[in-house]
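# Residue-level structural notes
Here is how the chains run, residue by residue.
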Amino acid sequence: MKTIDELLSEGVAGKRVFVRADLNVPLDGTRITDDGRIRAVLPTVKALADAGARVVVASHLGRPKGAPDPAFSLAPAAARLGELLGSDVPFATDTVGESARTTVAGLSDGQVAVVENLRFNAGETSKDDAERGAFADRLAALADVYVGDGFGAVHRKHASVFDLPARLPHYAGHLIATEVGVLRKLTDDVKRPYAVVLGGAKVSDKLAVIDQLLGKADRLLIGGGMVFTFLKAKGHEIGSSLVQEDQLPVVREYIERAEKSGVELVLPVDVVVAPEFPDLKTKAPGRPSTVAADAMPAGQMGLDIGPESRKLYASKIADAATVFWNGPMGVFEHPDFAEGTKAVAQALLDSQAFTVVGGGDSAAAVRILGFDENAFGHISTGGGASLEYLEGKTLPGLAALED
Ligand SMILES: Nc1ncnc2c1ncn2[C@@H]1O[C@H](COP(=O)(O)OP(=O)(O)OP(=O)(O)O)[C@@H](O)[C@H]1O
Ligand SMILES: O=C(O)[C@H](O)COP(=O)(O)O
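So, here's what we can say about the structure. (Residues numbered from 1 in each chain as written. Chains lettered and ligands numbered in written order. Predicted model: local features only at pLDDT ≥ 70, side-chain atom pairs only at ≥ 80, totals over all residues. Heavy atoms only, no water.)

## Examining unusual backbone geometry
Operational definition: Counting from the N terminus, the helices are DSSP H or I runs at least four residues long and the strands are E runs at least two residues long.
Following Arg192, the chain continues into Pro193 via a peptide bond in cis, with omega recorded as 5°. Structurally, Pro193 is set in the loop between α8 (174-188) and β9 (194-198). The backbone of Lys283 sits at a positive phi, close to 55°, despite the residue not being glycine. Here Lys283 is to be found in the loop between β12 (270-274) and β13 (289-292). Within the chain, Arg287 stands out as a residue other than glycine whose phi angle is a positive 50°. Relative to the helices and strands, Arg287 is located in the loop between β12 and β13.

Right, here's the structure in full:
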């Protein structure tokens, strides 16, 4: 894999460089609640701009349906990038159309522009190679060189991640190089006991990861929205909690396999429930109560792990040598359901283990809840991406950067 250092030594002054970033930041309306992913790509963007490149930054944000949707505009991220760079960052209101072409044509050496959300175009995420290829051709027309630095999206076989690098000279940016360097430590020679803490809401993505982790980790601690598919698989009531019904047989098999292979599969013993999902905007009282995990009342929704579970999880983290954590333990955006996530973050800080936090939302949670991000071994910008890397899968966005 050629890195940006090689590109810089070859010289980029006056060249149009397409930087595929992951600016998929959490938003509250148009307010960015955590700009970690924007700061993470700064070293690459700055290095290119300082070397006189005309930098075109592109990213997805959220999961719009292949057409423009103002709720998912990259405009707030472009504005924040401009603030962080301390320079004017023009924003194209489309991705490959008139606005993008004019904006890129108007760039001067050392200037940075952002184009609108890649996923406003159906070709970006299409499963059809020809449709993705056609969109990649239009992206390629905007640039002379490609730099892949959106680590959070390298597990997606999308036009800007997979097809575009095949059409341009391509290099890995600083962020991708750093992320891969750290995650390699968890795959090549991991120090044991190795504990993996999994939570969050992307249940279907993460259940598949458990299949692989059962053969790699010594302990698997489950929290967040995933918990309830496990509790239901064990025959418990889960009220109106998040559940992946079609995965129940798979999860039952995981539970059996963990027992047979001696992997400790740790589930909450108590959960914090409420009558409904909390209002994250007003933060109105969430009416939480704590119940035993095997006695959830019907009509209540599980939104965090309970106090006994927090102690249990902290004890399983305390004497691990390596800990990888992906996904918040509960709906941490509301104070009534943030304690589980806080407890896991604190346990990571208190342990002597090499700790890696992976995931846009987990990293955001760490910062939003007031922890010092520098105290963790590494905070990865990739959720699904870091998990799939640990699974040992070939990631399309990394494969595409190889020669
Ligand atoms: N019990 C629960 N029910 C519903 N949602 C939950 C629950 N627990 C956590 N969440 C939500 O999960 C979301 C984060 O999940 P996600 O899987 O996206 O995390 P991530 O892996 O850190 O991020 P990413 O994959 O985006 O990088 C948070 O917004 C949180 O509110
Ligand atoms: O948040 C993430 O994990 C990345 O930005 C990828 O987003 P996606 O899961 O919508 O592809």
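## Some points on the sheet that holds strand β6 (residues 112-115)
We count it as follows: Note: two strands are recorded as paired if DSSP finds a minimum of 2 bridges between them.
The strand order across the open sheet formed by six strands is β5-β6-β4-β1-β7-β8, and the pairing between neighbours is parallel. The open sheet is flanked by β5 (91-92) and β8 (170-172), the only strands paired with a single partner. Note: strand β4 (residues 54-58) against β6, three bridges, orientation parallel. Residue pairing in the sheet places Val57 in a bridge with Val114 of β6.

## A few points about the sheet that holds β12
Stated formally: Here an axis means a line fitted to C-alpha atoms, over the contact stretch when the element is a helix, while the angle between two N-to-C directions is reported on a 0 to 180 degree scale.
Reading across the sheet, the three strands line up as β13-β12-β14 and stay open at both edges, with antiparallel pairing between neighbours. Every interior strand has two partners, whereas the edge strands, β13 and β14 (301-305), have only one. Each neighbouring strand pair of the sheet contributes to a mean axis angle of 45°, computed without reference to strand direction. In the sheet, β12 pairs with β13 via four bridges, with the strands oriented antiparallel. Residue pairing for β13: Val273 is matched across the bridge by Ser289.

## Remarks on the packing of aromatic side chains
Rules: Stacked, tilted and edge-to-face are the three classes applied to pairs of Phe, Tyr and Trp rings, where Trp contributes its six-membered ring and a pair requires centres within 6.5 Å; stacked means planes under 30 degrees apart, edge-to-face means over 60, and tilted covers the rest. Type-normalised accessible area, obtained with a 1.4 Å probe on protein chains alone, sets the label of each residue: buried when under 20%, exposed when over 50%, and partly exposed for intermediate values.
As enumerated under the stated definition, the model contains one aromatic pair in all. Centre to centre, the rings of Phe18 and Tyr146 are 6.0 Å apart; their planes meet at 10°, and the pair counts as stacked. You can see Phe18 sitting in strand β1 (residues 16-20) and its partner Tyr146 sitting in strand β7 (residues 145-148), a full 128 residues away along the chain. For Phe18, a relative accessible area of 0% gives the class buried.

## Here we look at the packing of helix α9 (residues 203-213) against helix α11 (residues 248-261)
The test is simple: Our angle categories are set so that under 35 degrees counts as roughly parallel, over 145 as roughly antiparallel, 65 to 115 as roughly perpendicular, and the remainder as oblique. We call a crossing left-handed when the near helix sits turned anticlockwise from the far one by less than a right angle, and right-handed when that turn is clockwise. Any pair of residues with heavy atoms lying within 4.5 Å of one another is described as a contacting pair.
As a packed pair, α9 and α11 sit with axes 11 Å apart at the nearest point and diverge in direction by 25°. With respect to each other, α9 and α11 are oriented roughly parallel. Between α9 and α11 lies a crossing of left-handed hand. Listed contacts from α11 to Leu207, Ala208, Ile210 and Asp211 of α9 are Val251, Tyr254 and Arg257.

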